[in-house]
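Coordinate analysis (summary)
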Amino acid sequence: MSTELEQRLRADMEQATQGVRIPPGLALKAYRHQHKRMMTTRAVTAVGAAAVLTAGTLTVAGATGGFGRPPGGQQSRTTAYVISRVERALSAPGMTKVIAYTQTWYPAGITLQPVPGGLNASGGPGGSSPERGEYELLWANLHTTKQSAFTATGQRLFDERITIGNGSLATTVVDYTSHTWWTTQSARPAVSGLGSASCLPGGGIRLTGGRNAWPDFIRAQLACGAYTVAGKQVVGGVDALKITASSGPLTLWVNPATYLPMRLEAGGLQTDFQWLPPTPANLAMLNMPAPAGFHQVPPPASGASNG
Amino acid sequence: MGADRAAADLEQFLAERGEPLLRAAVLLAGSTEAGEDLLQAALERLLRHWRTIEGDPEGYLRRTLYHLAADNWRQQRAWRKRLRLLQPGAGAAVVDGTAEVDLRDSLVRLLMQLPPRQRAVIVARYWEQLSEAEAAQVLGCSVGTVKSAASRGLRRLRELSESRGPAERAAQGSARERRS
């Protein structure tokens, strides 16, 4: 099977149906059509029965309106269904090839710092200010992660590339403030990824490891507790399904067509997702050449901690 | 429960869950208009069996969509055969762009040339991203049938995609010759 053909097919299908919207009144049309059909059937039955019984006791009216169950009764089933589709979308075999492209905004006052095998986020939110601080862009596939950190005003701070090898992590960092770069090998953690075993708020989002662990992290969070589909909200021009945790700080918005996450808010962080096909152009985003004129320095000694 | 309330409930269901179903219906039926008709027909069946549906109604609606689509395609295929008899000049290789004007993308247009079962499998597997087992459940067939239909469908799409370029160039060339 051609992966490229499948990707083209998906992209074409997405484009071809992009502007499709439920026409207003479709439900009413369906209801009226169905109701008319039902009444006609009942009338025919009643006339036939009346002819046999010669009694006018049959009633053809009194239709209940079609719905025996209020839609509210479907809510829990709908939520369970949506959650199962999200979990399935994240577990799809093709996800191992997809490049997760994310943009994460940190609260003002948080400072990002690259360390071997990950990223440190230090400091605390500046008072009760809702202002956004630094942000990072991240591209990740199964074996490689590249993240670029910026100030709130868009000034590039550093790029960090982590590659998983056999039992080790290779980290390379280009620091744009000091015009330096460093590279180091470290032992691969026993459990790499985004703290997939932890449930928020206790666990926090742990930015360690070098693999595209967002799907694992989100799946683990969904398995942690009760969630509710809280309607729709426009995210990136799409009427995304909003999924909120009954207890805890996690809110997830998923694409109603693909069920893949579009946005996640947790612990004061907001992350927007795009799931990119592994085209040459997208794979090139994982590359990170050191700019000319930058000089190499020794790597810092500390390891990754919570982000 | 009155008609207005019932319709409003259904509107709410559609507002929350309708769009992906309509998009699948459009891909199954071949045009936006046909997709809306298909979804409406499936909704009518949903209303008919609303009280007896176990589990999520979306699943029922999805299965109905696929089954109805197969029926419609069979009818359309019969009509196409009759039309072809009336229009001997219309070559089979020429893509009919009239009914699918809103499906401009090449592979989606080629998808409309696949047999109904293959098209349904392709939409289920590669648009809805259902697993083979789930697609088999939706389509009411075996996993083996899904596998073989998906394989044949993709192969056919690849063939059509590869042959489309030269055929279109030839058609454009002959059109230019006729004009000059």
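Bringing the overall build of chain A into the picture now. Helices and strands together make up the secondary structure of chain A, namely five helices and 14 strands. Evaluated residue by residue, chain A yields a buried proportion of 34% over its 307 residues. Long-range contacts, defined as pairs at least 24 residues apart, comprise 51% of the intrachain contacts of chain A with a sequence gap of at least 6.

This part covers the nonpolar core. One finds Ala25, Leu28, Leu38 and Leu65 of chain B to be the most contacted residues of the largest nonpolar core, which totals 52 residues. If you tally residues by element for this core, the top one is helix H1 (residues 3-29) of chain B, at ten residues. With 32 residues, the next largest nonpolar core counts Ile83, Trp139, Ala140 and Met262 of chain A among its residues.

Let us now look at the pairing of strand S11 (residues 251-254) of chain A. All names here are of chain A. Both strand S10 (residues 238-245) and S11 contribute to a ladder of four bridges, which runs antiparallel. The partner of Ile243 across the bridge, within S11, is Leu252. As paired elements, S11 and strand S12 (residues 261-266) share four bridges and run antiparallel to each other. What sits directly across from Val254, in S12, is Pro261.

For Arg8 of chain A, the position within the fold is in helix H1 (residues 3-16). Arg8 of chain A sits 269 residues away from Pro277 of chain A along the chain, and the two C-alpha atoms are 9.5 Å apart.

Residue and element names in this part refer to chain B. Relative orientation of the contacting elements helix H5 (residues 116-127) and helix H6 (residues 132-139) amounts to 135°, with a least axis distance of 10 Å. The angle between H5 and H6 places the two elements in the oblique class. Of the two elements, H5 crosses H6, and the hand of that crossing is right-handed. For the pair H5 and H6, contact is made by Ala120, Val121, Ala124 and Arg125 and by Ala135, Val138 and Leu139, respectively. Among the residues forming the contact of H5 with H6, the class breakdown is six nonpolar, no polar and one charged.

Here we take up the confidence of the model for chain B. Residues and elements named next belong to chain B. Across chain B, the average pLDDT comes to 72, with 64% of residues at 70 or higher. H5 holds the highest mean pLDDT among the elements of chain B, 89, whereas helix H3 (residues 57-86) holds the lowest, 64. In the model output, the complex is listed with pTM 0.49 alongside ipTM 0.73.

Next up on the list: the environment of Leu28 of chain B. Residue and element names in this part refer to chain B. Relative to the helices and strands, Leu28 resides in helix H1. Spatially, the C-alpha atom of Leu28 lies 6.4 Å from that of Ala120, the residues being 92 residues apart in sequence. Those residues in contact with Leu28 that lie beyond four places of it in its chain are Leu38, Leu65, Tyr66, Ala69, Arg119, Ala120 and Val123.

Residues and elements named next belong to chain A. Look at His179: it is not a glycine, yet its phi comes out positive at around 55°. With respect to the element layout, His179 can be found in the loop between strand S7 (168-175) and strand S8 (180-187). The class for His179 is exposed, based on 11 C-beta atoms found within 10 Å.

Rules used throughout
Residues numbered from 1 in each chain as written. Chains lettered and ligands numbered in written order. Predicted model: local features only at pLDDT ≥ 70, side-chain atom pairs only at ≥ 80, totals over all residues. Helix = DSSP H or I, 4+ residues; strand = E, 2+ residues; numbered from the N terminus. Buried ≥ 20, exposed ≤ 12 C-beta atoms within 10 Å, placed from the backbone. Contact = placed C-beta atoms within 7 Å. Core = buried A, V, L, I, M, F, W, Y, C linked by C-beta atoms within 7 Å. Pairing = 2+ DSSP bridges. Axes fitted to C-alpha atoms, helices over the stretch in contact; angles between N-to-C directions. Parallel < 35°, antiparallel > 145°, perpendicular 65-115°, else oblique. Left-handed = near helix turned anticlockwise from the far one by under 90°. Nonpolar A, V, L, I, M, F, W, Y, C, P; charged D, E, K, R; others polar. pLDDT = per-residue confidence, 0-100.

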